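Summary of the model geometry
Each chain, written out:
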Amino acid sequence: PSRTQGHGLRTCRPHRRTPHVRHPHLEKETVERRVQLLRQEGIEFVTNADIGKNVDVNDLKANHDAICLCLGATKPRDLPVPGRELKGVHFAMEFLTKNQKRLLMTKDGTLESKWEKESFITAAGKDVIVIGGGDTGTDCIGTSMRHRCKSVTNFELMPQPPMDRALDNPWPQWPRVFGVDYGHAEVQAVFGHDPRVYSVMTKEFLANDDGHVKALVTQDVEITSKGPKAIEGTEKEWPADLVVLSMGFVSPEEYIVHELGLDVDQRNNIHATYGDFRTNIEGVFAAGDCRRGQSLVVWAINEGRGCAAATDQYLQVKRSQSMLQQHSSNNNNTGFANLSSLSPRS
């Protein structure tokens, strides 16, 4: 849900941006122009609509012939260890989104957030630990650097990748090799070292007297045939005023799935066959990350187009059936007037 159309395009995380540049992916004017074009095509945008919370699912189904669910996979993977409930431990998208929203301006040029400290999570002057890698983890590192954090460390569960492709990682597979992204380079330039620490897992978070995180304890990890295994006796304590969990996303939010009574797969994604996109509920379709799991934007585009075509075909068939029923009903209303037409010709 969002208060503005195209919100995600304006407030995406600052991936691969230089330190001195503001971070929206697209200017507001560009997004507004496209939104107006879509409006002119007949699309109605309803903002602040959280289906299953402030919008009743039954009302939605009753007033529409078809529903397409393109929810994404927004439920983050959590870290259920002692101390997880402490203040100062946040999910990555909470950290990134709040920081982007504080930069949004109204049309008259004023900041919507009014720069209130309560409206965002700051890393200024703090020891920051980012748990998890990938693009999101890098963006958390970069954002912390822009806040002028005291230090930033990035934990990764897996071992450090090789500098070159391994024999079991041939082209055209994605190259699993060591790389330096913009966030890592910024830390290297400011603090003189790469922020990443490999083959570690978090054992627990430690609290100060105010219930705020002050440190965390890790253990080294070895990769076995059964997965990562903690190595006893390797515990280490790390100072931390802010911990950001960036460990990916597991599934779409559950409440809309439960409200609609949708079937899910073994990973709790909405069950719908690729190409058909129909769920187990009549007239409800699903596409993108909420169906296939967290993936790339090219798949979102592909599935969005495919789902639109499948929904259009469904509506055409439904319209044809409705017209046939209406035609049949009209014929039945004529009583015995047309029975002669059914008699065999002499």
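Residues numbered from 1 in each chain as written. Predicted model: local features only at pLDDT ≥ 70, side-chain atom pairs only at ≥ 80, totals over all residues. Heavy atoms only, no water.

Broken down by element type, the chain carries 9 helices and 13 strands. Of all 346 residues assigned to the chain, the portion counted as buried reaches 34%. Here the contacts in the chain between residues at least 6 apart in sequence split such that 60% fall between residues at least 24 apart. Surface accessibility of the chain: about 21400 Å² in total, with carbon and sulfur atoms responsible for 53%. (Helix = DSSP H or I, 4+ residues; strand = E, 2+ residues; numbered from the N terminus. Buried < 20%, exposed > 50% of the residue type's maximum accessible area, 1.4 Å probe, protein only. Contact = heavy atoms within 4.5 Å. Areas by Shrake-Rupley, 256 points an atom, 1.4 Å probe, with all protein chains shown as cover.)

Remark: a regular strand shows side chains that alternate across the two faces of the sheet. In terms of strand pairing, strand β7 (residues 200–207) meets strand β8 (residues 213–224) through 7 bridges, oriented antiparallel. Opposite T202, over in β8, you have T218 as the bridge partner. Linking two consecutive strands that pair antiparallel, namely β7 and β8, is a turn of 5 residues; a positive phi of about 75 degrees is found at G211 within it. Relative to strand β10 (residues 236–239), β8 runs antiparallel, the two sharing 4 bridges. Bridge pairing in β10 places A215 opposite P239. Pairing analysis gives 4 bridges linking β8 to strand β9 (residues 227–230), with the strands arranged antiparallel. Counterpart to E222 in the pairing with β9 is K229. Connecting the antiparallel pair β8 and β9 is a turn made up of 2 residues. (Pairing = 2+ DSSP bridges.)

Helix α5 (residues 134–146) packs onto helix α4 (residues 92–101) with a crossing angle of 50 degrees between their chain directions and a minimal axis gap of 10 Å. The orientation of α4 with respect to α5, classified from their angle, is oblique. Considering the relative orientation of α4 and α5, their crossing is left-handed. Each of A92, M93, F95, L96 and N99 in α4 lies in contact with α5, whose residues at this interface are T136, D139, C140, T143 and S144. In the contact of α4 with α5, the residues fall into 5 nonpolar, 4 polar and 1 charged. (Axes fitted to C-alpha atoms, helices over the stretch in contact; angles between N-to-C directions. Parallel < 35°, antiparallel > 145°, perpendicular 65-115°, else oblique. Left-handed = near helix turned anticlockwise from the far one by under 90°. Nonpolar A, V, L, I, M, F, W, Y, C, P; charged D, E, K, R; others polar.)

In most cases, non-glycine residues show a negative phi, while peptide bonds are predominantly trans. In this structure, the amide linkage connecting W171 to the following residue, P172, adopts the cis form with an omega of 10 degrees. Within the secondary structure, P172 is located in the loop between β5 (151–156) and α6 (182–191). Positive phi values are uncommon outside glycine, yet N268 reaches one of about 70 degrees. Looking at where N268 falls in the secondary structure, it is placed in the loop between α7 (254–260) and β13 (284–286).

With that out of the way, let us pick up the packing of aromatic side chains. Inspection of every chain in the model, using the stated rule, returns 4 aromatic pairs. Ring geometry for F155 and W238: centres 5.0 Å apart, planes at 70 degrees, overall edge-to-face. Linking F155 in strand β5 with W238 in strand β10, this pair joins segments that are 83 residues apart in sequence. Neither residue differs from the other here; F155 and W238 are each classed as buried. (Phe/Tyr/Trp six-rings, centres within 6.5 Å; stacked < 30°, edge-to-face > 60°.)

Quick look at the state of the cysteines now. Enumeration over the complete set of coordinates arrives at 0 disulfides. Not engaged in a disulfide, the cysteine C290 finds its nearest cysteine sulfur in C70; these two sulfurs lie 6.3 Å apart. (Disulfide = S-S within 2.5 Å.)

This part is about the sheet that holds strand β11 (residues 242–245). Spatially, β3-β11-β4-β5-β6 is the arrangement adopted by the 5 strands of the open sheet, whose pairing is parallel. At either end of the open sheet lies a strand with only one pairing partner, and these are β3 (89–91) and β6 (196–198). In this sheet, adjacent strand axes meet at a mean angle of 25 degrees when their direction is disregarded. Across 5 bridges, the pairing between strand β4 (residues 127–131) and β5 is parallel. The residue of β5 that forms the bridge with D127 is S151. Packing of α4 onto the sheet brings it into contact with β3 and β11, and relative to β3 it is tilted by some 80 degrees.

Following the sequence through the fold, T143 ends up in helix α5. A distance of 2.9 Å separates the side chain of T143 from the backbone oxygen of D139, its partner in a polar contact. (Polar contact = N/O pair within 3.5 Å; in protein donor to acceptor, adjacent residues only side chain to side chain.)

To continue, consider the pattern of salt bridges. Pairing is possible between side chains that carry opposite charge, provided their charged atoms lie close to one another. For the coordinates displayed, the defined rule picks out 10 salt bridges. Note that R278 is salt-bridged to D276, the shortest N-O span being 3.4 Å. Each member of the salt-bridge network shares a partner with another, and the members are R291, R292 and E303. (Salt bridge = Lys/Arg side-chain N within 4 Å of Asp/Glu carboxyl O.)

The next point concerns the environment of A309. Residue placement: A309 occurs in helix α9 (residues 297–332). Taking the C-alpha atoms as reference points, A309 and D276, 33 residues apart in sequence, are found 9.2 Å from one another.

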